[in-house]
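A structural walkthrough
For reference, the chains in residue letters:
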Amino acid sequence: MMKVSKFGKKIAATSGIGQLMDDLGSALANGRHTLMLGGGNPAHIPEVQQHFRRSIMELLEDKGEFERVIGNYDPPQGNKRFIEAVSKLLNNEFGWNIKAKNIALTNGSQSAFFILFNLFAGTFEGGVSKKILFPLAPEYIGYSDVGLVENLFVANKPKIQHLDDHIFKYYIDFDRLKITDEIGAVCVSRPTNPTGNVLTDSEIKKLSDLARAKNIPLIIDNAYGTPFPNIIFTDAKPIWNENIIVCMSLSKLGLPAARTGIVIANKEIIDMVSQVNAVMSLAPGGIGAVIVTNLVRSGEIIRLSQDIIKPFYQAKANEAVEQLAEQLDGIDFHIHKPEGAFFLWLWLRGLPITDTKLYQRLKKRGVLVVPGHYFFPGLKEKWRHRQECIRINYAPDKETVSKGLKIVADEVKQAYKVK
Ligand SMILES: Cc1ncc(COP(=O)(O)O)c(C=O)c1O
């Protein structure tokens, strides 16, 4: 066995999530019909895909343009025309004052988090260590392993409000939130993966004020948010200022394979992200940008997001909640209010088995979900709640979701031994 550096050991180690993703992937590949309610793939929405197809066909027919687009590297900051179009769109929509110098592209927003978290946390001059704070756990599983050093994260337990017998919502517990000098940046996903939570405007304002007072950035992961893909069912005002880093993505719009992330931040941060792009990959890939530039310029991307994508997922969320509510009758179950993204976060209070055991039993029956305990990066406290939740992706087709949820309900009932 060849020797590997400390960095190598950390980054290339088999992580819990790596193993789980493998598990999900191989279950899908083994030929048996699996009901895939794990993973983070968006739905294939024909009306949206048709726009991407048309856009690629137009590019192919445009003599010279296709060759130009595929035959050159973009600058490390990313495709200029797309960046211009995105800044105009955001300024028009939200009255922001963004210039091209405030935007950089990355190969998926996942790599933006890798860059940003390691820029603002880790070892600083004088040997000081800083961390990324997640003010509200549960939080996105993909953040867990991006640190170049150990223990890069701290997280805060949420407050829970029961909105009715079976619907609840997490809020940030500001009384317990401590932004000490050890914190290098604050990060939230809004809408949140895995819960479908959308932090309220007042929560975001408070976080922004706290971060500004400490002169550290507030990172808002807008992968599911406005203005695209706009998978957000509540009224939530997006904000940006020189102290806020907004991360967006083309993935949940329906283009995860294009690996396009969009970072919006002050010029110093954008310059650093561009430099890292140059070192790690010379330039971010430009195909995603090319596919959607005209949709962004014309504003069509907003219509698609508002009139097609949002209602599509909203209807699926409602159906999934309705079905679970009916089939889990008699169980002490609680679903996080679906306010956005495309996941149901199911909390099974007093579940007699762990989330992992439930995951394994479901897998045996051909249904894949994600066990909840993975979604608490940085939370040190013991908390049984972690082992009482699962995340269900309701983006797949109706039949898959409905069959899958039926089996989930059945296994949950067996776990509680309810007939
Ligand atoms: C909350 C959140 N942020 C970021 C990402 C990363 O997406 P991508 O790298 O495809 O832009 C995902 C993907 O599932 C996500 O759910």
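It should be noted that the structure appears before, not after, this text.
Residues numbered from 1 in each chain as written. Predicted model: local features only at pLDDT ≥ 70, side-chain atom pairs only at ≥ 80, totals over all residues. Heavy atoms only, no water.

1. Looking at the overall build of the protein
Summing up its helical and strand segments, the protein has 12 helices and 16 strands in all. Computed over C-alpha atoms, the radius of gyration of the protein comes to 21 Å, within 12% of the 22 Å expected from 2.2 N^0.38 for 419 residues, which places it in the range of a compact globule. By its C-alpha atoms, the protein is 65 × 55 × 55 Å across when sized along the principal axes. A burial count over the protein gives 56% of its 419 residues as buried. Counted over contacts in the protein with a minimum sequence separation of 6, partners at least 24 positions apart contribute 75%. Here the protein displays about 18900 Å² of accessible surface, and carbon together with sulfur accounts for 53% of that area. Averaging the positions of the 52 positive and the 44 negative side-chain charges in the protein gives two centres separated by 5 Å. (Helix = DSSP H or I, 4+ residues; strand = E, 2+ residues; numbered from the N terminus. Rg over C-alpha atoms; globule rule 2.2 N^0.38 Å. Buried < 20%, exposed > 50% of the residue type's maximum accessible area, 1.4 Å probe, protein only. Contact = heavy atoms within 4.5 Å. Areas by Shrake-Rupley, 256 points an atom, 1.4 Å probe, with all protein chains shown as cover. Lys, Arg positive; Asp, Glu negative; His and termini not counted. Charge placed at Lys NZ, Arg CZ, Asp CG, Glu CD.)

2. Examining the sheet that holds strand 13 (residues 343-348)
Spatially, 6 strands are ordered 6-7-12-13-16-15 in an open sheet, and the strand pairing comes out mixed. In this open sheet, the two edge strands, each paired with only one partner strand, are strand 6 (159-162) and strand 15 (370-371). (Pairing = 2+ DSSP bridges.)

3. What to know about the environment of Gly-366
Tracing the chain through its elements places Gly-366 in the loop between helix 11 (355-364) and strand 14 (367-368). Take Gly-366: its relative accessible area is 4%, and that puts it in the buried class.

4. What about the pattern of salt bridges?
The final tally for this structure, using the stated rule, is 19 salt bridges. Notably, a salt bridge pairs Lys-157 with Glu-381, separated by 3.9 Å at the nearest N-O pair. With Lys-157 in the loop between strand 5 (153-155) and strand 6 and Glu-381 in the loop between strand 15 and strand 16 (389-393), the pair connects residues that are 224 residues apart, well separated along the chain. Residues joined by salt bridges that share partners form a network here, namely Lys-157, Asp-173, Arg-176 and Glu-381. (Salt bridge = Lys/Arg side-chain N within 4 Å of Asp/Glu carboxyl O.)

5. What to know about the site of the ligand
The ligand sits among 14 residues. The nearest are Asp-221, Tyr-224, Ser-249, Ser-251 and Lys-252. Asn-193 has a polar side-chain atom sitting 2.8 Å from an oxygen atom of the ligand. Side-chain polar atom of Tyr-224 to an oxygen atom of the ligand: 2.7 Å apart, as the coordinates give it. For the ligand, whose unbound accessible area comes to 400 Å², protein coverage reaches 93%. Here the shell around the ligand takes 3 residues from helix 6 (residues 109-120), the largest share from any one element. Each residue belonging to the shell around the ligand can be placed in one class, and the counts come to 4 nonpolar, 7 polar and 3 charged. (Near = heavy atom within 4 Å. Polar contact = N/O pair within 3.5 Å; in protein donor to acceptor, adjacent residues only side chain to side chain. Nonpolar A, V, L, I, M, F, W, Y, C, P; charged D, E, K, R; others polar.)

6. Points about the nonpolar core
Counting 136 residues, the largest nonpolar core has Phe-117, Ile-262, Val-292, Tyr-313, Leu-346 and Ile-392 as its most contacted members. Those residues in contact with Tyr-313, other than ones at most four positions away along the chain, are Pro-42, Ala-43, Ile-45, Ile-231, Phe-233, Lys-252, Phe-342, Tyr-394 and Ala-395. (Core = buried A, V, L, I, M, F, W, Y, C linked by side-chain atoms within 4.5 Å.)

7. Observations regarding the pairing of strand 7 (residues 167-171)
Most of strand 7 sits out of view: 4 of its 5 residues are buried. Linking strand 6 back to strand 7 in an antiparallel pair, the connection comprises 4 residues. Two elements, strand 7 and strand 12 (residues 333-336), share 2 bridges in a ladder whose sense is parallel. Bridge pairing links Phe-168 to His-336 in strand 12.

8. A closer look at helix 12 (residues 398-416)
Its 19 residues give helix 12 an end-to-end C-alpha distance of 27 Å, which sits within 8% of 27 Å, the value for a rise of 1.5 Å per residue. What helix 12 keeps buried is the set Thr-400, Val-401, Gly-404, Leu-405, Ile-407, Val-408, Ala-409, Glu-411, Val-412, Lys-413, Ala-415 and Tyr-416. Close packing links the buried residues of helix 12 with strand 1 (35-36), helix 10 (300-327), strand 13, helix 11, strand 14 and strand 16. Looking one or two places after helix 12, you find Lys-417, whose phi comes out positive at around 55°. (Expected span 1.5 Å × (residues − 1).)

9. Quick word on the packing of helix 3 (residues 46-61) against helix 9 (residues 287-298)
Two numbers describe how helix 3 lies on helix 9: the axes approach to 9 Å, and their chain directions differ by 105°. Judged by the angle between their axes, helix 3 and helix 9 are roughly perpendicular. Residues His-51, Phe-52, Ser-55, Ile-56 and Leu-59 of helix 3 form the contact with helix 9, whose participating residues are Val-290, Ile-291, Val-292 and Leu-295. Considering only residue class, the contact of helix 3 with helix 9 consists of 7 nonpolar, 2 polar and no charged. (Axes fitted to C-alpha atoms, helices over the stretch in contact; angles between N-to-C directions. Parallel < 35°, antiparallel > 145°, perpendicular 65-115°, else oblique.)

10. A few points about the pairing of strand 9 (residues 218-221)
Each regular strand displays side chains that alternate between the two surfaces of the sheet. Every second residue of strand 9 is oriented toward a common face, with Leu-218 and Ile-220 on one face and Ile-219 and Asp-221 on the other, all of them buried. Bridge analysis of strand 8 (residues 183-189) against strand 9 gives 4 bridges, and the strand direction is parallel. Bridge pairing in strand 9 links Cys-187 to Ile-219. Handedness of the crossover is the feature at issue here: the chain leaves strand 8, passes through helix 7 (residues 201-214), returns alongside strand 9, and the resulting connection is right-handed. The pairing of strand 9 with strand 10 (residues 244-249) spans 4 bridges and is parallel. By the bridge assignment, Ile-219 is partnered in strand 10 with Ile-245. (Right-handed = clockwise from strand over helix to strand, strands pointing away.)

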